[in-house]
Amino acid sequence: MANGIKLQFKQQGYQSDATQAVVDCFAGQTKGHRKEITERTELLVHEIFANKKFDLNDKELIKNVQALQKEQGLNTSKQLETLDGTPNFSIEMETGTGKTYVYTKTMFELNKKYGWSKFIIMVPSVAIREGVHKSLEITADHFQDLYGKKIRFSIYNTQNKSNIVNIKSFANTANIEVLIMNYQAFNAKKKDKEIRGESARKIYQKLDALQSERPIDIISRARPILIIDEPQRFGKSKVYLKNLTPCVCCAIQQPIKKTKNIMKFTD
């Protein structure tokens, strides 16, 4: 950092517990990643890297969740909560207890344990999006000291031409890749999948800068893990999350009632 000053971060026990709980939800999953050939020409082979599919079925996943809930003295979930068929887990933490730190550490641990490397952090506003980006910047050296590697992260923003490169590379390497998105970037999709007019969302449009591919297709091929920050603020827009084709959703939120697959952590 500037002037040789390096920030120090103290790991709190409840933060490590929260991270471990997410990792333990997938106990029994084997480590690995998927590499697929999307196009083959005489000169080039185009490959993508994606998160490996689950080895576990819903029954095995809910068994893991129930075991974690019993450890915490919580009521156990009777069935797995899903978001349009995608397993959806909830971690409850009070504001100010380090949610961003927890899900950053969780991404490193999921990569270390299971090999998953494609993540999307979905936030409810542009201001929070910028704050998350700053947090990833200032903790980068800290987590490199812990894990020996860095996350490659960027803000999803098709208005910024330099960010188009980040979208293109999201599934092109085995590195830990993270896109930070605010939900307004993709919640204007029409039922017939065709977008017209000034209100069109570029995530569903074929872009020249992406060789006439749609950003949503590039992202969804990677089968990202979707980390949702404060999902209660998304309203009906949560229905569009399925278009990202996530392999799993993990919601980090303030304590609320009637939440399933829940685990609670606080200072």
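Details of the structure are given in the entry above.
**Q** Could you give an account of the overall build of the protein chain, with specific residues and numbers?
**A** Broken down by element type, the protein chain carries 7 helices and 10 strands. Burial status across the protein chain gives 49% buried among its 267 residues. A sequence separation of at least 24 residues applies to 71% of the contacts in the protein chain between residues at least 6 apart. Summing over all exposed atoms, the protein chain offers an accessible surface of approximately 13900 Å²; the carbon and sulfur share of this is 47%.

**Q** An account of the nonpolar core is requested, with residue identities and associated values reported.
**A** Counting residues in each nonpolar core, the largest one holds 42 residues, and the members touching the most others are F26, F89, L110, F119, I121, V178 and I225. With 7 residues, the single largest contributor to this core is helix α3 (residues 99-114). Formed by 27 residues, the second largest nonpolar core is a distinct cluster that contains L179, A185, L207 and I219.

**Q** Kindly report on the packing of aromatic side chains, identifying the contributing residues and their values.
**A** Counted according to the given criterion, the structure contains 10 aromatic pairs. For the ring pair F54 and W116, a centre distance of 5.8 Å and an interplane angle of 90 degrees mean the geometry is edge-to-face. Placement of F54 in the loop between β2 (45-51) and α2 (58-71) and of W116 in the loop between α3 and β5 (118-123) is noted, with a sequence separation of 62 residues between them. Since its relative accessible area comes to 23%, F54 is described here as partly exposed. With a centroid separation of 6.4 Å and 25 degrees between ring planes, the pair formed by F143 and Y147 is classed as stacked. Here the residue F143 and the residue Y147 both occupy positions in helix α5 (residues 140-147), the gap between them amounting to 4 residues, near one helical turn.

**Q** Run through the packing of helix α1 (residues 13-24) against α3, naming residues and quoting values.
**A** Taken N-terminus to C-terminus, the directions of α1 and α3 make an angle of 40 degrees; their axes are 9 Å apart at the nearest point. As judged from the angle between their axes, α1 and α3 are oblique. Judged by the twist between their axes, the crossing of α1 over α3 is right-handed. Each of Q15, S16, A18, T19, V22 and V23 in α1 lies in contact with α3, whose residues at this interface are Y101, V102, K105, T106, E109, L110, K113 and Y114. Split into classes, the residues belonging to the contact of α1 with α3 amount to 7 nonpolar, 4 polar and 3 charged.

**Q** Could you give me a rundown of the pairing of strand β7 (residues 177-182), with the residues and numbers involved?
**A** The buried fraction of β7 amounts to 6 of the 6 residues, a majority that puts the element mostly inside the structure. Both faces of β7 are covered, namely the face carrying E177, L179 and M181 and the face carrying V178, I180 and N182. In this sheet, β7 lies alongside β5 in parallel orientation, the contact comprising 6 bridges. Across the sheet, M122 pairs through a bridge with M181, a residue of β7.

What counts and what doesn't
Residues numbered from 1 in each chain as written. Predicted model: local features only at pLDDT ≥ 70, side-chain atom pairs only at ≥ 80, totals over all residues. Heavy atoms only, no water. Helix = DSSP H or I, 4+ residues; strand = E, 2+ residues; numbered from the N terminus. Buried < 20%, exposed > 50% of the residue type's maximum accessible area, 1.4 Å probe, protein only. Contact = heavy atoms within 4.5 Å. Areas by Shrake-Rupley, 256 points an atom, 1.4 Å probe, with all protein chains shown as cover. Core = buried A, V, L, I, M, F, W, Y, C linked by side-chain atoms within 4.5 Å. Phe/Tyr/Trp six-rings, centres within 6.5 Å; stacked < 30°, edge-to-face > 60°. Axes fitted to C-alpha atoms, helices over the stretch in contact; angles between N-to-C directions. Parallel < 35°, antiparallel > 145°, perpendicular 65-115°, else oblique. Left-handed = near helix turned anticlockwise from the far one by under 90°. Nonpolar A, V, L, I, M, F, W, Y, C, P; charged D, E, K, R; others polar. Pairing = 2+ DSSP bridges.

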